[in-house]
Amino acid sequence: MTEKKLLELNKISKTYKKKKRTINALSEVDLILNKKDFIGIIGKSGAGKSSLLKIIGLISKPTEGVYKLEGKEIASLSEKEKAKYRNKYFGFILQDYGLIDSYTVYENIEIPLSYAEIKIDAKEKREKISDVLDKVGIKQEIDEPCNKLSGGQRQRVAIARSLINDPDIILADEPTGALDNETAKDFLTLLHMINKNLNKTIVLVTHDEKMLLYCNRIIQIENGIVSEKKT
Ligand SMILES: Nc1ncnc2c1ncn2[C@@H]1O[C@H](COP(=O)(O)OP(=O)(O)OP(=O)(O)O)[C@@H](O)[C@H]1O
Ligand SMILES: [Mg+2]
């Protein structure tokens, strides 16, 4: 079976300058993401996992190497064009979810939708948001302020928000750190559904081997060096 290549990293390195020290967070990473991959990224604290995820998600620039998205080299794009690609291709689920507590579920999801530069009226917008909340099973919570939700519900809001612009790739960075086992399992089940039924590519950074259950590929990082483990 030939899989569809979505994204390609070629000899990608990332160094940070901290005072007089240079930190090699990533060294010559070669990685291809295919459509519908469910990739787990594992490695010790400080290994370079978040650095890699940020480069994949066009949040941070590599120091060296070539990054291609559907064959297109990204380095030559302006910041504005890059932001467009970021919005079109990626949905993010961050560790603390980055929700605005005093906003309702609806208002939190409206934020990335407004970045997408599509013109829709209020009714369509409500339908779109309601639809994505339905997919993750919390439609009835649409007008609740986020500070009234449980940890599991907040997580679902974060997942819904990552899906709102219908991205190809969902990037999740240690999203289950603070959750109990049951909620972490629900999260995994949802990601699995998003991968299988909604055809999204998933990249999940985790410390927890149990989270690798549905991964078709496992990438290990040690001191900025990437290797692929047999699944
Ligand atoms: N903005 C930054 N400025 C300077 N150094 C950084 C920066 N971000 C990361 N680093 C350094 O780069 C290395 C890799 O960091 P990274 O955040 O990618 O690790 P990680 O694998 O995600 O770790 P963790 O599991 O603790 O989240 C570490 O040595 C870290 O201190
Ligand atoms: Mg990290």
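Before reading further, recall that the structure is shown in the block above.
As the structure is a prediction and not an experimental result, all values here were calculated from the model.

Novice: What exactly am I supposed to notice about the overall build of the protein chain here?
Specialist: Within the protein chain, the secondary structure is distributed over six helices and ten strands. In terms of overall size, the protein chain behaves like a compact globule, its C-alpha atoms giving a radius of gyration of 18 Å where 231 residues would be expected to give roughly 17 Å. Considered along the principal axes of its C-alpha atoms, the protein chain spans approximately 50 × 45 × 40 Å. Out of the 231 residues belonging to the protein chain, those deemed buried represent 35%. A separation of at least 24 residues holds for 71% of the contacts in the protein chain among residues at least 6 apart in sequence.

Novice: Would you mind going over the environment of Arg-154 with me for this structure?
Specialist: Relative to the helices and strands, Arg-154 is located in helix H5 (residues 151-163). Note on Arg-154: 22 C-beta atoms within 10 Å, which makes it buried. With 134 residues separating them in the primary sequence, Arg-154 and Lys-20 have C-alpha atoms 41 Å apart. If sequence neighbours within four positions are ignored, Arg-154 has contacts with Tyr-97, Leu-99, Cys-146 and Leu-149.

Novice: Explanation requested: unusual backbone geometry in the structure shown.
Specialist: Leave glycine aside and you will find that most residues have negative phi; peptide bonds, for their part, are mostly trans. Notably, Lys-36 is not glycine yet its phi reads approximately 75 degrees, a positive angle. The residue Lys-36 is located in the loop between strand E2 (21-34) and strand E3 (38-42) in this model. Judged by local crowding, Lys-36 falls into the partly exposed class, with 16 C-beta atoms found within 10 Å.

Novice: How do you make sense of the sheet that holds strand E6 (residues 90-93) when you look at a structure like this?
Specialist: What links the strands of a sheet is backbone hydrogen bonding, and the strands pair in either a parallel or an antiparallel sense. One open sheet holds the six strands; their spatial order is E6-E7-E8-E3-E9-E10, and the pairing between them is mixed. This sheet does not close on itself; its edge strands, each paired only once, are E6 and strand E10 (225-229). Sheet twist, expressed as the average angle between the axes of neighbouring strands with direction ignored, equals 20 degrees. Sheet analysis places strand E7 (residues 169-173) next to strand E8 (residues 201-205), joined by five bridges and oriented parallel. Directly across from Ile-169, in E8, lies its bridge partner Thr-201. The sheet contacts of helix H6 (residues 181-196) involve E3, E7 and E8, and relative to E8 the element is tilted by about 150 degrees.

Novice: What should I look at first to understand the site of ligand 1 in this one?
Specialist: For ligand 1, the full set of nearby residues is Tyr-16, Lys-18, Ile-23, Ala-25, Gly-43, Ser-45, Gly-46, Ala-47, Gly-48, Lys-49, Ser-50 and Ser-51. Residue assignment for the shell around ligand 1 shows that the elements contributing at least two residues are strand E1 (5-18), E2 and helix H1 (49-56). Per element, the largest residue contribution to the shell around ligand 1 is three residues, and it comes from H1. For the shell around ligand 1, the per-class residue count stands at four nonpolar, six polar and two charged.

Novice: How should the sheet that holds E2 be read in this particular structure?
Specialist: Sheet architecture is open: four strands sit in the order E2-E1-E4-E5, paired in antiparallel fashion. Looking at which strands have only one partner, the edges of the open sheet turn out to be E2 and strand E5 (72-73). Both E1 and E2 contribute to a ladder of ten bridges, which runs antiparallel. Residue pairing in the sheet places Lys-18 in a bridge with Arg-21 of E2.

Novice: How should I be thinking about the packing of helix H3 (residues 105-115) against helix H4 (residues 122-135) in this particular structure?
Specialist: Helix-helix packing is characterised by the crossing angle of the two axes and by the distance between the axes. Two elements in contact, H3 and H4, have axes separated by 10 Å at closest approach and are oriented at 110 degrees. In terms of their interaxial angle, H3 and H4 are classed as roughly perpendicular. Contact with H3, carried on its side by Val-105, Tyr-106, Ile-109, Glu-110 and Leu-113, involves Lys-125, Ile-129, Val-132 and Leu-133 of H4 and no other residues of that element. Tallied by class, residues from the contact of H3 with H4 come to seven nonpolar, no polar and two charged.

Novice: What should I look at first to understand H6 in this one?
Specialist: Each full turn of the α-helix corresponds to 3.6 residues, which orients residues three or four apart in the same direction. Between its terminal C-alpha atoms H6 stretches 22 Å, which fits the 22 Å expected from 16 residues at 1.5 Å a residue. Within the span of H6, buried status applies to Ala-184, Phe-187, Leu-191, Ile-194 and Asn-195. Each buried residue of H6 lies within a common arc of 100 degrees when the element is viewed along its axis, so the set occupies one face. Opposite the buried face of H6, at more than 90 degrees from it, the exposed residues are Glu-182, Thr-189 and Lys-196.

Cut-off values and rules
Residues numbered from 1 in each chain as written. Chains lettered and ligands numbered in written order. Predicted model: local features only at pLDDT ≥ 70, side-chain atom pairs only at ≥ 80, totals over all residues. Helix = DSSP H or I, 4+ residues; strand = E, 2+ residues; numbered from the N terminus. Rg over C-alpha atoms; globule rule 2.2 N^0.38 Å. Buried ≥ 20, exposed ≤ 12 C-beta atoms within 10 Å, placed from the backbone. Contact = placed C-beta atoms within 7 Å. Pairing = 2+ DSSP bridges. Axes fitted to C-alpha atoms, helices over the stretch in contact; angles between N-to-C directions. Near = placed C-beta within 6 Å. Nonpolar A, V, L, I, M, F, W, Y, C, P; charged D, E, K, R; others polar. Parallel < 35°, antiparallel > 145°, perpendicular 65-115°, else oblique. Expected span 1.5 Å × (residues − 1). Arc of directions from axis to C-beta.

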